[in-house]
Every structure is written in C-alpha cells, then in structure tokens.
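# Close look at the chain arrangement
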Protein chains: 2
Amino acid sequence: MNISIPKGTRDFSPAEMAKRNYIFDTVKKIFKLYGYQPVETPAMENLSTLTGKYGEEGDKLLFKVLNSGNFLRDVPSELLSEDKIPPLTNRISEKGLRYDLTVPFARYVVQHRNDIVLPFKRYQIQPVWRADRPQKGRYREFFQCDADVIGSDSLLNEAELLQIIDAVFSELGIEVTIKLNNRKILGGIAEIMGQSDRLTDITVAIDKIEKTGLDAVKKELVGKGISDEQIKILEPVLSLSGTNEEKLSRMEEILSESETGMRGIAELRTIFGYADRLNISATVELDLSLARGLNYYTGAIIEVKAQNADIGSICGGGRYDNLTGIFGLKNVSGAGISFGADRIYDVLAEKNLFPQNSLETTRVLFVNMGAKEEIYCLRALQEVRGKGIAAEIYPEQAKLKRQMEYADKRNIPFVVIAGQAEMETEIFLLKNMNNKSQKELPLPQLLEELK
Amino acid sequence: MNISIPKGTRDFSPAEMAKRNYIFDTVKKIFKLYGYQPVETPAMENLSTLTGKYGEEGDKLLFKVLNSGNFLRDVPSELLSEDKIPPLTNRISEKGLRYDLTVPFARYVVQHRNDIVLPFKRYQIQPVWRADRPQKGRYREFFQCDADVIGSDSLLNEAELLQIIDAVFSELGIEVTIKLNNRKILGGIAEIMGQSDRLTDITVAIDKIEKTGLDAVKKELVGKGISDEQIKILEPVLSLSGTNEEKLSRMEEILSESETGMRGIAELRTIFGYADRLNISATVELDLSLARGLNYYTGAIIEVKAQNADIGSICGGGRYDNLTGIFGLKNVSGAGISFGADRIYDVLAEKNLFPQNSLETTRVLFVNMGAKEEIYCLRALQEVRGKGIAAEIYPEQAKLKRQMEYADKRNIPFVVIAGQAEMETEIFLLKNMNNKSQKELPLPQLLEELK
C-alpha cells in the first residue's frame, strides 16, 4: 500500500510542532504587543476572488476545488477538450485554496467594511497553498504570518512595522538587516530616464544587480530597448554607496526634477528618522535595488535578510495605497509585513537557535508498577496536574526498562517511581533523567521540586 | 462586484478569534497537562488515503482538488460524460481536503511508524472540510480538537480521556453529562438475540429510542425482519433504569451467555471504578442506546452532552482496536476523543460563559496630539511594551473625539493623553475608559498602574 502525502506538503511531528509553535508564538506575542488583532479567513475562497490577482503565472498555481456532485451538468461538450482547459476549469470549479493572506484580507475588509473600525490593525497566521514545483525550502503548503494596518497614511505605521520586525528577530536571536526602498523613488528614476511606462522592465533589471552585476544589468536594459544615454542616468543610482543619508542626498540631486522621486526621498527620511529615535537594533539599510511586489506597493518596500545565512528574504512588506481597490473599495491605504515561518525555521535550525525547552513537553512520568501502585500514583498525579505541571502515568504495568526508555525517548526530564517500600513510607522516588540524581520525597516536596 | 466566501465557510473577526482561541487554548492546555503532544497534517491528502474510509456518503462529501495543468491529458474521451462522474473524478483529481483528523492520523502513524514511541499520545487541532449541505450550526469548514492514545490496551487510557473531558468542561464552566457505552455489550446483545450479523440494524434502531420511543424502535426492528421473540430479549435492555451499577448488574444477567458481552461489562466496571477514584465531577452515565461510530469503535463509546442546552453531542470518542489496519498496520489499538469547537462555542455563547477579558486585546492607547507629543509618547510606549503590555499609539494626529471613539469601539480599557502641559511636567494623563476616572502619573507609576 502506498502511504504518502501529496508532494510539497508536510506532516509536523511533535518535535517540529514545538519548534514551529515557538516561532508562531513569538510572532503572535509581538503582533499583540503592538495592538494587532487576529483574523482568520477560510481555506477556500471563491475563484472569482483569487483569479487575476497574482498575474497569469499565479492563476496557474492556484489549487482549484472540483465542484461537488455532477460537475459536468450544463457544461457544453465543446469545452471537454485538452485545448479548452482554462474555460473548462471555470465551469467545473468555483472555489480555490488561499494563495496568500493579502488578497483574502482585502476581500475581508471590503466584505466587513461596516464592522471594521479604522485604522484596522490585523494579524493573520495561516497556511497558504501554491501548485509550485516543490524543491528544497519551497512547499505547496506553507505558512505565512502577516500583519497589516489599513486606513492610515501615517508613516508611523511603517516605523512600527520596522519595530515589529526588530522585536521579533531580537526575540528569536536572529541578526538581521532590514532593507528599505520606496516605490516612489523607483518611479522617479524611471521618470527622469523618460521611461515612466517602462518602470517594470527597469526595476526587474535593477533587482538582479546583486546576482548578475552591473554589466549584465546594462545589457538586459539595452535588450529592452533602453538607450545608452538613459542607462547613463541610471548608472549612479546603481553604484550608490555610503550611509543611508549619503545615498539619500545623492538621490536628491539625481531626482531633483521628479516630484514623485522627491516625495519618496522625504518619506524614507521620515522613516529612517523614526527608526533612529525608536532605537531599532537591526541594521536598517537603503537598498534601491529592492523592487519586490512592485505592482502592488506604492510607498515603502521592506525586505529582511538574516545575516550570515544563505537564504532569501525571511520577511517582507511595504505600503500599498489601493489594496481593496481590486474589490471596489477605493482609498483604503495600508502597510503590512509578512514573516516566512518556514525560512525562519530553517535559519533557527541552521544556527541552532531553538531554545532547549521548546522540545520538552511532559515534565514528569509516573512509572506504573502494578494495580496498587497505580492507585497510589494516580492520586499524586492529579495533584501534580493540579499545579499545572504536564504529567503522565505509563498506562500499562510494563517492564521498568521499557518505561524508562519511553521517558528517555520522549525527553521527559523527571520520572517518579513508587513501589511497596515507597507506599509504606508515603514517599515518592524522583529521578532526574538528565543528571541521573534521585531523591525520596513526600508529596508536598515532590510538587515543590517539579515546579 | 460580488464579494463573498463559499457557503458554509466563515471569516473569524477579532472578537470571534478571541473567543475561539479561548476554547482552543483551554483544550490545548488540558491535552498538554495529560502528556498529549501536538501533531499537524496537511490540508490536502491523497484521495487514495481518504476514499472509502467514510462510507459511500462520505466519499461524496469529500472536497476534491483538481489536478494542475492539463488535467484531461490521457483521460479517455468516453469518461467525459455526466454518467461517468466517479471514474472521471478519479482521473482528474488525485488530492482531497481532510474530512476528519482520524484518518489522517492513522495515515500519519503508519507512515511514521519507525519514529513513533508507543504508547503515542497525540493531539491535533485543525480544520476539516465536508461538502455537506450547510445549515445552522453545520459548516463546510469546521474545527476538530482530537486527542488519541495508540499502542496501549489499558483501560486507564479511557479513564484518562474521561478526566480530560471533565477537566476541559470544568475549566470552560459547562456542566456536562458523559455517556458511556461499550461496543462489546452491543455485540453481546445481538449475540444473545441470535442476530450477530444484524448488529448494525439493531444498534441503528436502539440509537433512536430517545427520539422516537420504544414502540417506534420495535416497529423498525420488525421491519428489518427481527422476530417478536428476539425483540422480547431486547426489551429489558431498552427499558433499563437505575444507577450505573444496577444497570450493569441487570445486563450481567441478560448477557451471562455471551462472552463478548460479559467482557464489555467488565471493561465498563473498570472504567466506572477509575472515574469514581479520580473524582470526576461530571455525571458519568451508562447509556446502552449510545452507538455512535459503531463501524469503528471496538470497546468504550463516549459521548458528551451539555446539560440544559438544546444541542447535540459536544464531544465524543471511544476505543478502536484497528485504526491503522486500513493502511496495513495491524494490532495497533487506540482510544480517542474529539471536541467539537463550533458547538462548544455555541454553548458558551448561549450561556454567556465567555470570560470578559477574552475580548480585551490592547490594554492602552496613547492619543496622538501632534509631532512633539508623538515623540514624547513613543518613548513611553516603548517602555509600556517592554513590560509586555499590549499598547498602541493612534498613528495620526486626528481629532481627540475620533481617537477616543477608536479606543471605545476597540474595547481598549485605558487611554493616555499627553499634551504641552503634561510634557512640561513630565507626566501622563491616564484615563480609565470603564469608570471614566483619570490620574496624572509620571512614567514609572504609569507602568505600575497599567500592569
């Protein structure tokens, strides 16, 4: 029998769950500390909600749910053909699995607009599904942890998102660099190049500079029909260096003719100012090559990289001025970030940063020596649990060796043994599984010791 | 634009999330206290894992995920017909959404059998999906909270499950009756009626006695071809009354010729004995009409009803001797329970049992009076958050009235106001939103007051 799960999906065993919950709990704690409130949306959305929101490629990666019952009813027979897959899919499937948390959130906001108090700060931690080709570190079911604030233009929101990023990674012990850019600056650059309508081509090329180098980027731009002269304007932008303020001053000169560009610079100055004042401990760095989610962000663009780790971005976000516009609700500006739980997991594992106690679940196992001893132990067990201490009794009177092995394999740090002798003197033998020490204790002291 | 979600699914707003998390957190806390460990499985399973496990009706209620890409490739054209829906579905869909947590857990155990330490106590809290007709209290996406222990025959496990049920509902403040039965007793009844092969018909009929009464049950049995004589044997079983021990004694007489039946009685006696000794506060009651999940349970059958609430069972479970047999792994016995989070939610809501503070999220809002005041408040805000107190600053310098309304609508219990006067004397004005009192405090006292 073939026992398996769909490729790109995972089971999470108790040890993995403990580590994952450590990440989720940390993120949640910080989100709450900053006044963000939880929301959850269904795994399935109407395909009309999802389709067209992630580009053509994204549409292909949506998992679609087959309609129940006779899904061919009323489907014209000419659609039943391999060259009619998209229209046929439309007829036999009206629901799809959530592809990210952003579009469902936008849908949520529009649907519940009369109940929402603005500004609305929400967080959402749920799995998303993409029919991507699975590979190392890329899954078909993975988890996003999003925080967004909508209904406020204030740049204080961006600053707060940086604080949240800083707090989360400080708490997790991961040293990070927060990279910042602003879509308005990218727009300004395209503008002074006289290529406002080619913004996407330009930023896609710029985005590759770290990977491929200046020459390759130039070549790509030439290939896209951008003239040498125009590329010359771009060149100083690409080779910008110095502190954030030095970079901004230089950009101020370059973009002096672009109103949009100058607004982008002013916005970034404000955000850097907040970051200084709020004592953000992570490095916050202007990176003009940062262009993620360009079709989407309208102001700040944020990306977080773990220092000394060979992994992509572990958190990202930005400002969007028209999130809910796709669902007909105009003028709702917002800013948000998304933590990639799976990559953060990999960084913590690689750097051995998971706390030891996140693996410990049950604190004490009562060994089961027989019917009378079981009664004796059950009473103590109830008292132990009454103190909020996770405890178990081995459910069967098995060999002592087997019970000790169970405690060992389960990482249970304490074992209680009580046989005839202990029962007569009303004590319990407490074994410390780590240092192998043991103590004979009456119940009140046992409870003290286990706390 | 039609903005909606698929029927039978729900969004959970912050207020609902707080209440739901109160339930999940309570259940989780108790599960952990008893040594159960978390496991999660993917939303999608291979259809080969799910199909045939829930009966013919269940197969129809599975949500099936359409294969990606050209799903018609290699599909014979004769299958593209409304009267070929099941075989066509098989060809164009190989994955389905989880229908419950039990079958995925069985699959998990078999797949990971070499890594699991027996006895294995796992809990799992995840949504499941069923293409049922949505109606009040019945959803297409709903949440189950399961705890199972496998690899141990000991009846102590059943007793512990009763303790867990008792602890969860005590903690939630819901008074419940735990109904107990044993599949072996039902088997014994069919045996002495000479109708062992008709066990399902008999128990389906018995199951209805509360709803339809004795006469209707008799009529149904006659309709199924059970003779009057055989029904006479059943009659005393159906009209059993008295204490649990009185009922068991009477059953002992009736079933004296059935070895299976007598074993069922002995098992129940042991479990009732544990329940007495462990001071279970809920009423634990023998109910021979209890036949849920009959095809599945082999020993104890458990069902929990809220007292004085017009709602079905809010928790159920039992002993199964062959959970993993469907996936080829024999002789793994287990026992488990499942809490129905949605029904528990309804009971808590109806009886007004949700704790007040589960609605409170942010503890204090700093009013934003302008640029300088913002800087003054941001410093205090950081200190407040540093104490682990959830706090916000209104992101914009809006009218005071609007900011106060925000605090009010969000149920934020404290508001801090600091203007020119407060800045000069380095104090903060703290308003209590519930009793409208206010205090002028320097930062250290403010922190004290908010804790």
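What you see is a predicted model; the values in this text were computed from it and never measured. (Residues numbered from 1 in each chain as written. Chains lettered and ligands numbered in written order. Predicted model: local features only at pLDDT ≥ 70, side-chain atom pairs only at ≥ 80, totals over all residues. Heavy atoms only, no water.)

### Quick word on the overall build of chain A
Note the cut-off: Think of it this way: any DSSP run of H or I at least four residues long counts as a helix, any run of E at least two long counts as a strand, and we number them from the N terminus. Radius of gyration here is computed from C-alpha atoms only, and the compact-globule reference equals 2.2 Å multiplied by the residue count raised to the power 0.38. Three exposure classes are used, based on accessible area relative to the maximum for each residue type with a 1.4 Å probe and protein chains only: buried under 20%, partly exposed in between, and exposed over 50%. Contact between two residues is taken to exist if any of their heavy atoms lie within 4.5 Å; hydrogens are not considered. The charge count treats Lys and Arg as positive and Asp and Glu as negative. His and the chain ends do not count. Throughout, a charge is located at the NZ atom of Lys, the CZ atom of Arg, the CG atom of Asp or the CD atom of Glu.
Secondary structure summary: chain A contains 18 helices and 16 strands in total. Whereas a compact globule of 451 residues would reach a radius of gyration of roughly 22 Å, chain A reaches 28 Å, over 25% beyond that. Summarising its shape, the C-alpha atoms of chain A cover approximately 95 × 65 × 45 Å along the three principal directions. In chain A, buried positions account for 58% of the 451 residues. Intrachain contacts of chain A at a sequence separation of at least 6 include 68% that bridge at least 24 residues. Computed over 59 positive and 65 negative side-chain charges, the separation of the two mean positions in chain A equals 4 Å.

### Focus: the nonpolar core
For the record, the criterion: As used in this record, nonpolar core signifies buried Ala, Val, Leu, Ile, Met, Phe, Trp, Tyr and Cys residues forming a set joined through side-chain atoms within 4.5 Å.
Judged by nonpolar contacts, the single largest core of 128 residues is most densely connected at A:Phe169, A:Phe339 and B:Phe366. In terms of residue count, the dominant contributor to this core is helix 6 (residues 156-172) of chain A (10 residues). Those residues within four positions of B:Phe366 in sequence are excluded, and the remaining contacts are B:Cys377, B:Ala380, B:Leu381, B:Val384, B:Glu392, B:Ile393, B:Tyr394, B:Val416, B:Phe428 and B:Leu446.

### Quick notes on empty space enclosed by the protein
Note the threshold: Every definition here rests on a 1 Å grid over the protein atoms only: cavities are sets of points where a 1.4 Å probe fits but cannot get out, pockets are open sets enclosed by protein on both sides within 12 Å along at least five of seven lines, and lining residues have some atom within 4 Å of a point. Grid points are joined across faces, edges and corners, and a volume is the space filled by probe spheres set on the points. Three residue categories are used. Nonpolar comprises Ala, Val, Leu, Ile, Met, Phe, Trp, Tyr, Cys and Pro, charged comprises Asp, Glu, Lys and Arg, and polar comprises the others, including Gly.
Scanning the entire structure with this criterion turns up three cavities of 30 Å³ or more. Looking at the largest cavity, its volume works out to about 50 Å³. Looking at the largest cavity, the residues that line it are A:Pro119, A:Lys121, A:Val149, A:Leu156, A:Asn157, A:Glu160, B:Glu392, B:Ile393, B:Pro395 and B:Tyr406. Elements represented by at least two residues in the lining of the largest cavity include exactly helix 6 of chain A together with strand 13 (391-393) of chain B. Top contributing element to the lining of the largest cavity by residue count: helix 6 of chain A, with three residues. Here the residues of the lining of the largest cavity are counted per class, giving six nonpolar, one polar and three charged.

### Quick word on helix 1 (residues 14-33) of chain B
Residues and elements named next belong to chain B. The following threshold applies: What a helix is expected to span follows from its residue count: subtract one and scale by 1.5 Å.
If you check helix 1, its first and last C-alpha atoms are 28 Å apart, about what 20 residues at 1.5 Å a residue would give, namely 28 Å. Among all positions of helix 1, only Pro14, Met17, Ala18, Arg20, Tyr22, Ile23, Phe24, Thr26, Val27, Ile30, Phe31 and Leu33 are buried. Downstream of helix 1 by a residue or two, Gly35 has a phi angle that is positive, lying close to 85°.

### Concerning the interface of chain B and chain A
The criterion, for reference: Throughout, buried area stands for the accessible area (probe radius 1.4 Å) lost by two parts on being put together, summed over both. In the sections that follow, a salt bridge refers to a side-chain nitrogen of Lys or Arg positioned within 4 Å of a carboxyl oxygen of Asp or Glu. By the criterion applied in these results, polar contacts are pairs of N or O atoms within 3.5 Å in which, for protein atoms, one can donate a hydrogen and the other can accept it, and in which residues neighboring in sequence qualify only through two side-chain atoms.
Every contact between the two is made by 98 residues of chain B and, on the other side, 97 residues of chain A. Overall, the association of chain B and chain A removes approximately 8300 Å² of surface from exposure, summing both partners, and the carbon and sulfur fraction of that is 61%. Counting across the interface, chain B meets chain A through six salt bridges. Counting every contact that joins chain B to chain A gives 34 residue pairs in polar contact (both at pLDDT 80 or more). A per-element tally of the side of chain B that touches chain A places helix 15 (residues 371-386) of chain B first, with five residues. Tallied by class, residues from the side of chain B that touches chain A come to 47 nonpolar, 28 polar and 23 charged.

### Some remarks on the environment of A:Asn279
With respect to the helices and strands, A:Asn279 occurs in the loop between helix 13 (259-277) and strand 8 (283-286). In the structure, A:Asn279 is positioned 116 residues away from A:Gln163 in sequence and 8.7 Å away in space, judged by C-alpha atoms. In contact with A:Asn279, not counting residues within four places along its chain, are A:Asp166 and B:Gln382.

### Here we look at the sheet that holds strand 5 (residues 120-129) of chain B
Residue and element names in this part refer to chain B. Our working definition: Should DSSP find at least two bridges between two strands, the strands are taken to pair. Structural elements are reduced to axes, namely lines fitted to C-alpha atoms, with helices fitted over the stretch in contact, and the angle between N-to-C directions of any two is expressed from 0 to 180 degrees.
In space, the eight strands of this open sheet follow the order 1-5-6-11-10-9-7-8, with mixed pairing throughout. Every other strand in the sheet has two partners, leaving strand 1 (37-38) and strand 8 (283-286) as the edge strands with one partner each. Judged from the four bridges that link them, strand 9 (residues 300-306) and strand 10 (residues 315-320) form a sheet pairing that is antiparallel. Along strand 10, the bridge assignment pairs Glu303 with Gly316. Relative to the sheet, helix 13 (residues 259-277) contacts strand 7 (176-182), strand 8 and strand 9, its axis offset from that of strand 7 by approximately 150°. Across the sheet, helix 14 (residues 341-350) touches strand 6 (141-150), strand 9 and strand 11 (334-340), and the angle it forms with strand 11 is around 45°.

### A closer look at the sheet that holds strand 10 (residues 315-320) of chain A
All names here are of chain A. Pairing is mixed across the open sheet formed by eight strands, whose spatial order is 1-5-6-11-10-9-7-8. Each edge of the sheet is formed by a strand with only one pairing partner; in this case those strands are strand 1 (37-38) and strand 8. The sheet contact formed by strand 1 and strand 5 (residues 120-129) spans two bridges and is parallel. When the bridges of strand 5 are listed, Pro38 appears paired with Tyr123. Contacts from helix 1 (residues 14-33) reach strand 5, strand 6 (141-150) and strand 11 (334-340), with the element oriented near 5° to strand 6.

### Quick word on the pattern of salt bridges
Should their charged atoms come close, side chains of opposite charge can pair. Tallying each qualifying case throughout the model produces 48 salt bridges over all chains. Across the pair A:Glu45 and A:Arg107 runs a salt bridge whose closest N-O atoms are separated by 2.7 Å. Residue A:Glu45 is located in strand 2 (residues 44-46), and its partner A:Arg107 is located in helix 5 (residues 102-111); the two are separated by 62 residues in the primary sequence. Here A:Glu45 matches A:Arg107 in class, with each residue buried. When salt bridges with common partners are traced through the structure, they connect A:Lys121, A:Glu160, B:Arg385, B:Glu392 and B:Arg410 into a single cluster.

### Structural notes on the packing of aromatic side chains
Defined as follows: In this analysis, rings of Phe, Tyr and Trp, with Trp reduced to its six-membered ring, are considered paired at centre separations within 6.5 Å, and the interplanar angle assigns stacked below 30 degrees, edge-to-face beyond 60, and tilted for intermediate values. A ring is scored as having a charge over it whenever the NZ atom of a lysine or the CZ atom of an arginine sits within 6 Å of its centre and within 35 degrees of its normal.
Under the criterion given, the structure shown has 32 aromatic pairs over all chains. A ring pair is formed by A:Phe169 and A:Phe339, whose centres lie 5.6 Å apart and whose planes are at 50°; its orientation type is tilted. Of this pair, A:Phe169 sits in helix 6 while A:Phe339 sits in strand 11, and the two are 170 residues apart along the sequence. Assessed through its relative accessible area of 0%, A:Phe339 is described here as buried. Centroid distance B:Phe31 to B:Tyr36: 6.4 Å. Interplanar angle 45°. Geometry classified as tilted. Each of the two residues, B:Phe31 as well as B:Tyr36, counts as buried. Aromatic rings pair up to connect A:Phe31, A:Tyr36, A:Tyr123, A:Phe169 and A:Phe339 into one cluster. Positioned above the aromatic ring of A:Tyr139, the side-chain terminus of A:Arg10 is 3.4 Å from the ring centre.

### What about the pairing of strand 15 (residues 428-432) of chain A?
All names here are of chain A. For strand 15, a buried count of four out of five residues is recorded, marking the element as mostly surrounded by other parts of the structure. Here strand 15 runs beside strand 16 (residues 438-441); their pairing, made up of four bridges, is antiparallel. Each residue of the ladder has a partner; that of Leu429, found in strand 16, is Glu440. The antiparallel hairpin formed by strand 15 and strand 16 contains five residues in its connecting segment, where Lys436 sits at a positive phi of about 65°.

### Quick notes on the environment of B:Leu66
Note on placement: B:Leu66 falls in strand 3 (residues 64-66). When the C-alpha positions of B:Leu66 and B:Ile427 are compared, they lie 63 Å apart, and in sequence the two are 361 residues distant.

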